[in-house]
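One-letter residues, chain by chain:
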Amino acid sequence: MEESRAAALEVYEREPVPTWRRSGFWTTTLRKLRLDELEPRHYPYAGSLDELPEVVAQAVDLDEVGGLIVQRGASSVFSYLDPSLAAQGVVLTSLERAVEEHAEVVEEWYGKRISADEGKFAAATAALWTGGAFVHVPRNLKVEKPLQIVYLIDEPGTAQYARTLGVVGELAECSLREYGLAPDIDGQALHAGAFELFVGSGANVKLAHLQDWGRGEVHDISTKRVEIARDAHCSWVPIHLGGHLTKQTLDIVCAERGSDMRHTGLYFTEGDEHLDLFTTDLHEAGDTTGDTVWKGALTGDSRASYEGLIQIAKGAQNTHTYLQTHSMLLSSKAKADAIPSLIVETDNVSASHGGTVGEIDEEQVFFMMARGIPRAEAVRVLVEGYFEPVVQRLDDESLEALVRERIAEKLVRAEDQVAEYSARR
Amino acid sequence: MGLEIRNLHVRTEDREILRGVNLKVEKGEVHALMGPNGSGKSTLANTIMGNPTYEVTEGQVLFNGEDLTEAAPDERARAGLFLAFQYPATIPGVSVANFLRMAVNAGRDEPIKIKDFGQFMRRNMELLKIDPEFSKRYLNEGFSGGEKKRAEILQLAMLKPQIAVLDETDSGLDIDALRIVSEGVNALQGPDMGTLIITHYTRILGYIRPEFVHIMLEGRIVREGGAELADQLEDKGYDFVREEVEASGAA
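Residues numbered from 1 in each chain as written. Chains lettered and ligands numbered in written order. Predicted model: local features only at pLDDT ≥ 70, side-chain atom pairs only at ≥ 80, totals over all residues. Heavy atoms only, no water.

Okay, the overall build of chain B next. Looking only at helices and strands, one finds 8 helices and 10 strands in chain B. Scaling as 2.2 N^0.38, a compact globule of 251 residues should have a C-alpha radius of gyration of about 18 Å, and chain B matches this with 18 Å. The buried share of chain B, reckoned over its 251 residues, is 54%. Excluding contacts between residues fewer than 6 apart, the proportion of contacts in chain B whose partners are at least 24 apart in sequence is 69%. Total accessible area on chain B is roughly 11,400 Å²; 45% of this is exposed by carbon and sulfur atoms. With 29 positive and 40 negative side-chain charges, chain B shows a separation of 6 Å between the mean positions of the two kinds. (Helix = DSSP H or I, 4+ residues; strand = E, 2+ residues; numbered from the N terminus. Rg over C-alpha atoms; globule rule 2.2 N^0.38 Å. Buried < 20%, exposed > 50% of the residue type's maximum accessible area, 1.4 Å probe, protein only. Contact = heavy atoms within 4.5 Å. Areas by Shrake-Rupley, 256 points an atom, 1.4 Å probe, with all protein chains shown as cover. Lys, Arg positive; Asp, Glu negative; His and termini not counted. Charge placed at Lys NZ, Arg CZ, Asp CG, Glu CD.)

Put into structure tokens, the structure is as follows:
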């Protein structure tokens, strides 16, 4: 670990702050990020969730989960695991502790899919991470309640380097949630994260990511990778509901035969938020299946670019996978890019993709108004109806309710501009 | 009182479609508006409901004496106007039941009690021979033409308007569906509701007998009469009206 950190630090120091360009029209730049003014912040351990900023308790109900670990800034400040789960061999702890107490497992999987030389921020994370989270579900075990990880940023000037490692054993079943939460802070902050999940053969995992960094200036530059082994299944639902500037790479790898994944994402940007997502559905082996659906909505002056790649490697025959992405512009200044793409290096596969960028359908609005429903309510209902199939894929009642609530709040905040834009058209 | 259209001129981007329409529908009356395709029937229906695609260049839409020409569609609906669409929109993610409750509540000061709503909805679904399971489906998503039209009439039943405009409700319906829809409308028809049936064909008028028949050609109402006018149309087609109009130089 020491060595890998040192090597990563070298890369971090060497690499310049990147600017990402796509298709010649889209740029994500970190020009305005004052990286030297940000630093890791340390906090004391919290005895209960009440001792933490209320964004945590608002999003997490301790009775509902099988375990919870919270990192605030650079410190691991809360850790809970249902004793009956611990007794069965489930591990949910900080990655720092796991390096000591579960060295074998960590060594086997850490960094297998995310390396330090993927860019300045990947290197930063690899070199500078503290706290972190480690989940291990032993083989054959079915865990009913969700296992929860929370990364919290509550002060401007914070740099949070996060690392999560999840290992799910053969034939195990579980539900994992990782949230990024922040209140509306007044100033800049950075979350640079690396997330790796390894789904063992025959295992079945529900994975949800909820990013809600509030309406301050939180920057999120992260990479998340899920690897699915033989005959295993993972249903991954990333949800982006807040962040000043987000640049994320989300990869799902069907690494062995029979693996299957469903990747269903949702974003809703507002104000002057900037969202840049690149997802890859990678099939390294044949007889695998995938399904990617991303839906987004934009208000204010926000901008979102979603690039979704299906990549089928040589020899991965009899792969069947599909990708669709939709964005709904709700204000005159919002901008969205939807870029589905394909790299297919073998034959005898089926892969299709499609994308749309559009606006509220005025016919639907007129229809609803003709039934007495005012414009603002009609728009709200249509946007909620648009997201509903994606929200349902969470298959997680309380998280679904939380997401629906946030979407409704965003629509209320943007009500005037949405109504005005809709009426103008 | 009721619906009054006065000298209505309507255009879209390209051209003028309604060229001075006059029409009155009182509560308790059943009117039929007929005409060949392109005569402006749907434009009139949509303009009555305030579709922003159409621009009123002259004339008025009055309802119970109030000028609604500039009113938004939801205001018109809450005032007591209803339009059964020829091509109803699909509302994904919203079940029939939820949509109905939303629409019913839009016209009330206090939300309707869930239990009362449930009973009311079930009664109306029975009246229209709609399978109760239907209420859980997303509105109009994957519905057949007949199912969409029956969903429109279900909404009519739930909203109890004063004036109901049915825009080609009969199109795309088979005989059985047509009969069920007509029976539904007839059951709702009474002294408190006026009905304007807009149709191209005379078929529906066999089930819902109109007192007044208006024939539209090229954006104007050119002939008016009683139910027997519809019978004449059935026999002779629209040509006889065209000939009459040309002969009298009214075109």
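After that view of the structure, there is still more to cover.
A few words on the interface of chain A and chain B. Quoted interface sizes are often the accessible area lost when the parts come together. Taken together, the contact pairs 18 residues of chain A with 31 residues of chain B. When chain A packs against chain B, the two sides together hide about 1,800 Å² of surface, and 71% of this comes from carbon and sulfur. The interface formed by chain A and chain B includes 6 residue pairs in polar contact (both at pLDDT 80 or more). Of all the secondary structure elements, the ones that give two or more residues to the side of chain A that touches chain B are helix 7 (362–369) and helix 8 (375–392) of chain A. The element that contributes the greatest number of residues to the side of chain A that touches chain B is helix 8 of chain A, accounting for 7 residues. Tallied by class, the residues present in the side of chain A that touches chain B amount to 9 nonpolar, 4 polar and 5 charged. (Buried area = accessible area lost by both parts, 1.4 Å probe. Polar contact = N/O pair within 3.5 Å; in protein donor to acceptor, adjacent residues only side chain to side chain. Nonpolar A, V, L, I, M, F, W, Y, C, P; charged D, E, K, R; others polar.)

Residues and elements named next belong to chain A. Pairing is mixed in the open sheet, where 9 strands are placed in the order 5-6-8-10-12-14-16-18-20. Only two strands of the sheet have a single partner each, and these edge strands are strand 5 (91–93) and strand 20 (335–344). Direction aside, the axes of adjacent strands within the sheet are offset by 5° on average. As judged from the 5 bridges shared by strand 6 (residues 133–137) and strand 8 (residues 159–168), these two strands associate in the parallel manner. In the sheet register, Ala133 faces strand 8, and the bridge partner there is Thr164. (Pairing = 2+ DSSP bridges. Axes fitted to C-alpha atoms, helices over the stretch in contact; angles between N-to-C directions.)

Residues and elements named next belong to chain A. End to end, helix 1 (residues 2–14) covers 19 Å across 13 residues, agreeing with the expected 18 Å (1.5 Å per residue, within 8%). Among the residues making up helix 1, those that are buried are Ala8, Val11 and Tyr12. Taken end-on, helix 1 shows its buried residues confined to a sector of 100°, consistent with a single buried face. For helix 1, the exposed residues lying more than 90 degrees away from the buried face are Glu2, Glu3, Glu10, Glu13 and Arg14. On its buried side, helix 1 packs onto helix 6 (120–128) and strand 8. (Expected span 1.5 Å × (residues − 1). Arc of directions from axis to C-beta.)

Since the α-helix advances by 3.6 residues per turn, residues separated by three or four positions end up pointing in the same direction. With 8 of 11 residues buried, helix 3 (residues 96–106) of chain B lies mostly within the body of the structure. Along helix 3 of chain B, the positions that sit buried rather than exposed are Val96, Ala97, Phe99, Leu100, Met102, Ala103, Val104 and Ala106 of chain B. Those residues of helix 3 of chain B hidden inside the fold are in contact with helix 7 and helix 8 of chain A together with helix 2 (73–79), helix 4 (114–127) and helix 5 (145–159) of chain B.

In regular strands, side chains alternate between the two faces of the sheet. All names here are of chain A. Counting buried positions along strand 16 (residues 274–283) yields 9 of 10 residues, so the element is predominantly enclosed. By the bridge criterion, 10 bridges tie strand 14 (residues 245–254) to strand 16 in an arrangement that is parallel. Its bridge partner lying in strand 16, Asp251 is registered against Thr280. In this structure, strand 16 lies alongside strand 18 (residues 303–312), joined through 10 bridges in parallel fashion. Following the sheet pairing, His274 is matched in strand 18 by Arg303.

On to the sheet that holds strand 9 (residues 212–217) of chain B. Residues and elements named next belong to chain B. The strand order across the open sheet built from 6 strands is 6-7-8-3-9-10, with neighbouring strands paired in mixed fashion. Only two strands of the sheet have a single neighbouring strand rather than two, namely strand 6 (81–84) and strand 10 (220–225). This sheet shows a mean twist of 20° between the axes of neighbouring strands, independent of strand direction. As judged from the 5 bridges shared by strand 7 (residues 163–167) and strand 8 (residues 194–199), these two strands associate in the parallel manner. Considered in strand 8, the bridge of Ala164 is made with Thr195. With respect to the sheet, helix 1 (residues 41–49) is in contact with strand 3 (30–34), strand 6, strand 7, strand 8 and strand 9, its orientation differing from that of strand 6 by roughly 145°.

Now for the packing of aromatic side chains. Applying the stated criterion across every chain yields a total of 9 aromatic pairs over all chains. Centroid distance Trp109 of chain A to Phe198 of chain A: 4.8 Å. Interplanar angle 40°. Geometry classified as tilted. Taken together, the residues Trp109 of chain A in helix 5 (residues 103–109) and Phe198 of chain A in strand 10 (residues 188–199) connect sequence positions 89 residues apart. Neither residue differs from the other here; Trp109 of chain A and Phe198 of chain A are each classed as buried. Note on Phe367 of chain A and Phe99 of chain B: the rings are 5.8 Å apart at their centroids and 20° apart in plane angle, and the pair reads as stacked. (Phe/Tyr/Trp six-rings, centres within 6.5 Å; stacked < 30°, edge-to-face > 60°.)

Attention shifts here to the confidence of the model for chain B. Residue and element names in this part refer to chain B. Averaged over every residue, the pLDDT of chain B is 92; the share at 70 or more is 99%. For chain B, helix 8 (residues 239–248) is the element with the lowest average pLDDT, namely 84, and strand 6 is the one with the highest, namely 97. Among the scores for the predicted complex, ipTM is 0.95 and pTM is 0.87. (pLDDT = per-residue confidence, 0-100.)

Turning to the side chain of Ser235 of chain A, a few remarks are in order. Inspection of the secondary structure assignment puts Ser235 of chain A in strand 13 (residues 233–242). Not counting chain neighbours up to four residues away, the residues in contact with Ser235 of chain A comprise Val205, Lys206, Leu207, Arg262 and Arg393 of chain A.

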